[in-house]
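Analysis of the macromolecular model
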Amino acid sequence: MAFPATRPRRLRSSAPLRDLVRETDLGAGRLVLPLFVAAEGPPRAPIAAMPVVDRVSVAEAVKDAGEACALGLGAVLLFGWAGPQDKDEQGSGAWDEQGVVQLVTRAIKDAHPELLVITDTCLCQYTSHGHCGFVREDGTVENDASIELIARAAVSQARAGADMVAPSDMMDGRIGAVRAALDAEGLTNTPILAYSAKFASAFYGPFREAVGSAPAFGDRRGYQMDPGNGEEAVREALLDVQEGADIVMVKPALPYLDVIRRVKDATKLPVAAYNVSGEYAMVKAAAAAGYLDERAVVLETLTAFRRAGADIVITYHAKDAARWLQT
Ligand code: PBG
């Protein structure tokens, strides 16, 4: 039946009707808040291109985690910042029992045991060269040596109390290596959130300032994915599933909505979308200039990630969004 019997506008005629038939919901429990934590320095240090987001001390991170908990957010995702003296060729700060992520994980789990803590597992914040793996003399990033180091970092984070580990390096075989290492330590119930389809993106710029992880030479295109590749993203996700991933991620989110949908359809696993630092910076800048209505744009964007197939959205807007969803 067509017009005039059929009128799609009928179900759009009032707010309660629109609420009743909306296909996609957005709740605070779907949102994950990233936190940048430094073991030294001021309690809070601003990040140039990320208004409102600070790099914080362990004590401040515990407070932020408390706020995340009170707002009903799904989890926090922890990133460490290491000073130059704490960086080395291998990135050993990543598996140091007294490393910043290990310290803050323990502190947050002590203060807020009910809050889910996910740790980003990577070497780039701790390597002197800023790459996500072990660098050979010819400057290439060596795969098989790197995954052993990444697995070591994951075990150390899980031992510190992380509820879930999230390898973000894009080395081949790292999910299998992390799973085997966790299992060998009896950590068989620690889930892995795999950064499966992580693209070599210009949208990570503000983040690299936040944690001081910009590569000292070259770029990440030898391990992160080419932005033109959707089939390969699905293949990467399926490989991670085979290796034992519990949740798969697509990152960045906004320019890759099609990839989120394809990965969701192909894996049938929970899918996370990472609404990255550059996406956040664009919205903040446009809102500050008065060009966009921040609240409306953020809620529309987060809903779009859910509609595309994301079960979980990692976003720097998480606290604001949770507040807006309450009112
Ligand atoms: C570390 C890592 C990056 C991000 C998350 N984990 C940066 C990168 O790969 O250079 C980006 C997050 C963001 O931009 O918000 N490997």
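Within every chain, residues take consecutive numbers counted from 1 along the sequence as written. Residues qualify for local features only when their pLDDT is at least 70, as the model is predicted, and side-chain atom pairs are given and counted only at 80 or more; totals for whole chains, interfaces and linings, by contrast, use all residues. Side-chain calculation: all heavy atoms of the structure are included, whereas hydrogens and water are not.

As for the layout of surface pockets
Note the following rule: The rule is simple: put a 1 Å grid over the protein atoms alone, call a set of points where a 1.4 Å probe fits but cannot get out a cavity, call an open set with protein on both sides within 12 Å along at least five of seven lines a pocket, and count a residue as lining if it has an atom within 4 Å of a point. Grid points are joined across faces, edges and corners, and a volume is the space filled by probe spheres set on the points. Numbering of helices and strands runs from the N terminus, with a helix taken as a DSSP run of H or I at least four residues long and a strand as a DSSP run of E at least two residues long. Here the nonpolar group is Ala, Val, Leu, Ile, Met, Phe, Trp, Tyr, Cys and Pro; Asp, Glu, Lys and Arg are the charged ones; every other residue, Gly included, is treated as polar.
Counted as a void, the largest pocket has a volume near 260 Å³. What lines the largest pocket is a set of 16 residues, and nearest its centre among them are Leu33, Val52, Val53, Tyr316 and Lys319. Within the residue set of the lining of the largest pocket, elements represented by two or more residues are strand S1 (31-38) and helix H11 (318-326). Partitioned by chemical class, the residues of the lining of the largest pocket number nine nonpolar, one polar and six charged. In this structure, the second largest pocket encloses a volume near 180 Å³.

Details of the site of the ligand
Definition in use: By convention in this text, a residue qualifies as near a molecule or strand provided that one of its non-hydrogen atoms is within 4 Å of it. Under this definition, polar contacts are N or O atom pairs within 3.5 Å; protein pairs additionally need one hydrogen-donor-capable and one acceptor-capable atom, and for neighbouring residues in sequence, both atoms have to be side-chain atoms. Each accessible area value is a Shrake-Rupley result obtained with a 1.4 Å probe; residue values ignore everything except the protein chains displayed when judging cover. Throughout, a molecule is located in a cavity or pocket provided that more than half of its atoms lie within 2 Å of its grid points.
The environment of the ligand is made up of 18 residues, and the closest members are Lys198, Arg208, Lys251, Ser277 and Tyr316. Separating an oxygen atom of the ligand from a side-chain N or O atom of Arg208 is a distance of 2.6 Å. One nitrogen or oxygen atom from the side chain of Arg220 is found 2.8 Å from an oxygen atom belonging to the ligand. Calculation on the ligand without its partners gives an accessible area of 400 Å², and the protein chains cover 100% of this total. The site holding the ligand turns out to be the largest cavity. Per-class residue counts for the shell around the ligand are 10 nonpolar, three polar and five charged.

Brief notes about helix H2 (residues 58-70)
Condition: For a helix, the expected span equals 1.5 Å multiplied by the number of residues minus one. Whether two residues are in contact is decided by their heavy atoms, any of which lying within 4.5 Å being enough.
For H2, with 13 residues, the first-to-last C-alpha span of 19 Å sits near the 18 Å given by 1.5 Å per residue. On its buried face, H2 sits against S1, strand S2 (44-46), strand S3 (54-56), strand S4 (75-81), helix H3 (100-111) and H11.

Some words on empty space enclosed by the protein
According to the stated counting rule, one finds two cavities of 30 Å³ or more in the structure shown. For the largest cavity, the calculated volume is near 160 Å³. Around the largest cavity, the lining is made up of 20 residues, and of these Lys198, Tyr204, Phe207, Arg208 and Lys251 lie nearest the centre. Only strand S9 (193-198) and helix H6 (205-211) provide two or more residues apiece to the lining of the largest cavity. Taken together, the residues of the lining of the largest cavity break down into 10 nonpolar, five polar and five charged. The computed volume of the second largest cavity comes to approximately 50 Å³. In terms of lining residues, the second largest cavity is bounded by Gly80, Ala94, Val101, Gln102, Asp120, Cys122, Gln125, Tyr126 and Gln157. The class makeup of the residues in the lining of the second largest cavity is four nonpolar, four polar and one charged.

Topic: the packing of helix H10 (residues 294-308) against H11
Rule in force here: Convention adopted: a line fitted to C-alpha atoms gives each axis, helices being fitted over their contacting stretch, and angles between N-to-C directions are expressed from 0 to 180 degrees. Here is the rule for angles: anything less than 35 degrees is roughly parallel, anything more than 145 is roughly antiparallel, 65 through 115 is roughly perpendicular, and the remaining ranges are oblique.
With their axes 10 Å apart at the nearest point, H10 and H11 run at an angle of 100 degrees to one another. Here H10 is positioned roughly perpendicular relative to H11, judged by the angle of their axes. Counting all contacts with H10, which are made through Glu294, Arg295, Val298, Leu299 and Leu302, the residues of H11 involved are Asp320, Ala321, Trp324 and Leu325.

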